[in-house]
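# Report on the structure
Below are the chains, spelled out letter by letter.
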Amino acid sequence: MLGVFSSAIVSPPDELVAAGCRTPSPKISSDALVKRFLDTNSSSVSLQIGDNAQLAYTHHSESLLQPRSFAVKDDIFCLFEGALDNLGSLRQQYGLAKSANEAVLVIEAYKALRDRAPYPPNHVVGHLSGSFAFIVFDNSTSTLFVASDQFGKVPLYWGITADGHVAFADNIELLKGSCGKSLASFPQGCFYSTAVGELRSFENPKHKVTAVPAKEEEIWGATFKVEGPTVLAARE
């Protein structure tokens, strides 16, 4: 799966910007990145959402245990990869039909977060149990919400394209050839929300997430880590 967003939606992480400037390496534009995804993945689907967001996904070569799903409702778009162990109970909690998949569930969880402020974002993601990575884009408010499970079972990466767009993908090779060294692994157990304005841990919401610059010879621009000892956040 792939999500690409302009600087009008999300500000590129300073650490990745600095990494790309420190050791310049080949990059391509956001449109070229989406084209590369479509050209290298059969039966792909892509969506252009306004002028500032693009999403793309494919079921080609997906894992049976970690399928990809897509949903859109009330101008909210969701790409989801993985599987929730507690999907059944969450369907009941949000009043959804038994046929609702993970992408639909995440949209409902996001809507609860958006409409019941100040509902803590870490509670929304913290109640999800299983393997997952997802990208939610709310076109009505131009809000981006991205998260990865607490064990990093579903890989997720982010980087910066030649034209300054921020890209999220589950395929590291795709971003390696597109974002140069302005590239990092999205930290497990964390979420990024443009409404919050920063990267945060949903397991340890009071602990700051910091970036450690990578060495010159490494492909990564930085490694994002949660400070302090691991103490799971309350999920009740």
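Every value quoted in this text rests on a predicted model; they were computed, and no experiment measured them.

## Quick look at the sheet that holds strand 8 (residues 157-160)
- Taken in spatial order, the six strands of this open sheet run 2-3-1-9-8-10, and their pairing is antiparallel. The open sheet is flanked by strand 2 (45-49) and strand 10 (183-185), the only strands paired with a single partner. Strand after strand, the sheet turns through a mean of 15 degrees between neighbouring axes, direction not considered.
- Bridge count between strand 8 and strand 9 (residues 166-169): four bridges; the pairing is antiparallel. Looking at the pairing, W158 lines up with F168 of strand 9.
- Helix-sheet contacts for helix 2 (residues 30-40) involve strand 1 (2-5), strand 2, strand 3 (53-57) and strand 9, and the interaxial angle to strand 1 is about 170 degrees.
- Packing of helix 6 (residues 172-179) onto the sheet brings it into contact with strand 1, strand 8, strand 9 and strand 10, and relative to strand 8 it is tilted by some 10 degrees.

## Digging into the side chain of T58
- Looking at the secondary structure, you find T58 in the loop between strand 3 and strand 4 (68-73).
- The class for T58 is buried, based on a relative accessible area of 2%.
- One polar contact links the side chain of T58 to the main-chain amide nitrogen of H60, over a distance of 3.0 Å.
- Not counting the four nearest positions on each side in its chain, T58 is found in contact with F37, N41, S42, S43, S44 and R68.

## Observations regarding the pattern of salt bridges
- Per the counting criterion, the structure on display carries eight salt bridges.
- Close ionic contact of D170 with R68 constitutes a salt bridge, the shortest N to O distance being 3.1 Å. Of this pair, D170 sits in the loop between strand 9 and helix 6 while R68 sits in strand 4, placing them 102 residues apart in sequence.
- A residue is classified by how much of its surface remains accessible, and D170, at 13% relative accessible area, is buried.
- Where D138 meets R114, a salt bridge forms, and the shortest distance between an N and an O atom there is 3.0 Å. You can see D138 sitting in strand 6 (residues 130-138) and its partner R114 sitting in helix 4 (residues 102-115), a full 24 residues away along the chain.
- Its relative accessible area of 30% is what places R114 among the partly exposed residues.
- It is possible to trace a salt-bridge network through shared partners that takes in R68, E81 and D170.

## A closer look at the environment of A83
- The residue A83 is located in strand 5 (residues 76-84) in this model.
- Judged by its relative accessible area of 21%, A83 is partly exposed.
- Residues A83 and S69, 14 residues apart in the sequence, show an inter-C-alpha distance of 9.8 Å.
- Beyond its immediate sequence surroundings of up to four residues, A83 is in contact with L65, E102, S129, G130 and S131.

## Thoughts on the nonpolar core
- Counting residues in hydrophobic clusters, the biggest one holds 30 residues, and the most contacted among them are F5, W158, F168 and F186.
- Counting only elements with at least two residues in this core, the list comes to strand 3, strand 5, strand 6, strand 7 (143-148), strand 8, strand 9, strand 11 (190-193) and strand 14 (222-226).
- Excluding its chain neighbours within four sequence positions, the residues that come into contact with F168 are M1, L2, G3, F5, I135, L144, V146, Y157, W158 and F186.
- In this structure, A71, L84, A100 and A147 belong to the second largest nonpolar core, which totals 28 residues.

## What about the pairing of strand 4?
- Taken together, the six bridges between strand 4 and strand 5 define a ladder with antiparallel strand orientation. Along strand 5, the bridge assignment pairs V72 with F77.
- Here strand 4 hands over to strand 5 after two residues, with D74 in that stretch at a positive phi of 55 degrees.

## A word on helix 2
- Of all the residues in helix 2, the buried ones are S30, L33, V34 and F37. Viewed along the axis of helix 2, the buried residues span an arc of 95 degrees, placing them on a single side of the element. Within helix 2, the exposed residues directed more than 90 degrees away from the buried face are D31, K35, D39 and T40.
- Here the buried face of helix 2 lies against strand 1, strand 3, strand 9 and helix 6.

## Some words on the sheet that holds strand 11
- Taken together, the six strands give an open sheet; going across it, the order is 4-5-6-7-11-12, and neighbouring strands pair in antiparallel fashion. The sheet terminates laterally at strand 4 and strand 12 (198-201), the two strands that pair on one side only. The mean angle between the axes of side-by-side strands here comes to 15 degrees, regardless of whether they run parallel or antiparallel.
- Of the pairings in the sheet, the one linking strand 11 to strand 12 comprises four bridges and is antiparallel in character. Each bridged residue has a counterpart across the sheet, and for C190 the counterpart in strand 12 is S201.

Cut-offs and rules
- Residues numbered from 1 in each chain as written.
- Predicted model: local features only at pLDDT ≥ 70, side-chain atom pairs only at ≥ 80, totals over all residues.
- Heavy atoms only, no water.
- Pairing = 2+ DSSP bridges.
- Helix = DSSP H or I, 4+ residues; strand = E, 2+ residues; numbered from the N terminus.
- Axes fitted to C-alpha atoms, helices over the stretch in contact; angles between N-to-C directions.
- Contact = heavy atoms within 4.5 Å.
- Buried < 20%, exposed > 50% of the residue type's maximum accessible area, 1.4 Å probe, protein only.
- Polar contact = N/O pair within 3.5 Å; in protein donor to acceptor, adjacent residues only side chain to side chain.
- Salt bridge = Lys/Arg side-chain N within 4 Å of Asp/Glu carboxyl O.
- Core = buried A, V, L, I, M, F, W, Y, C linked by side-chain atoms within 4.5 Å.
- Arc of directions from axis to C-beta.

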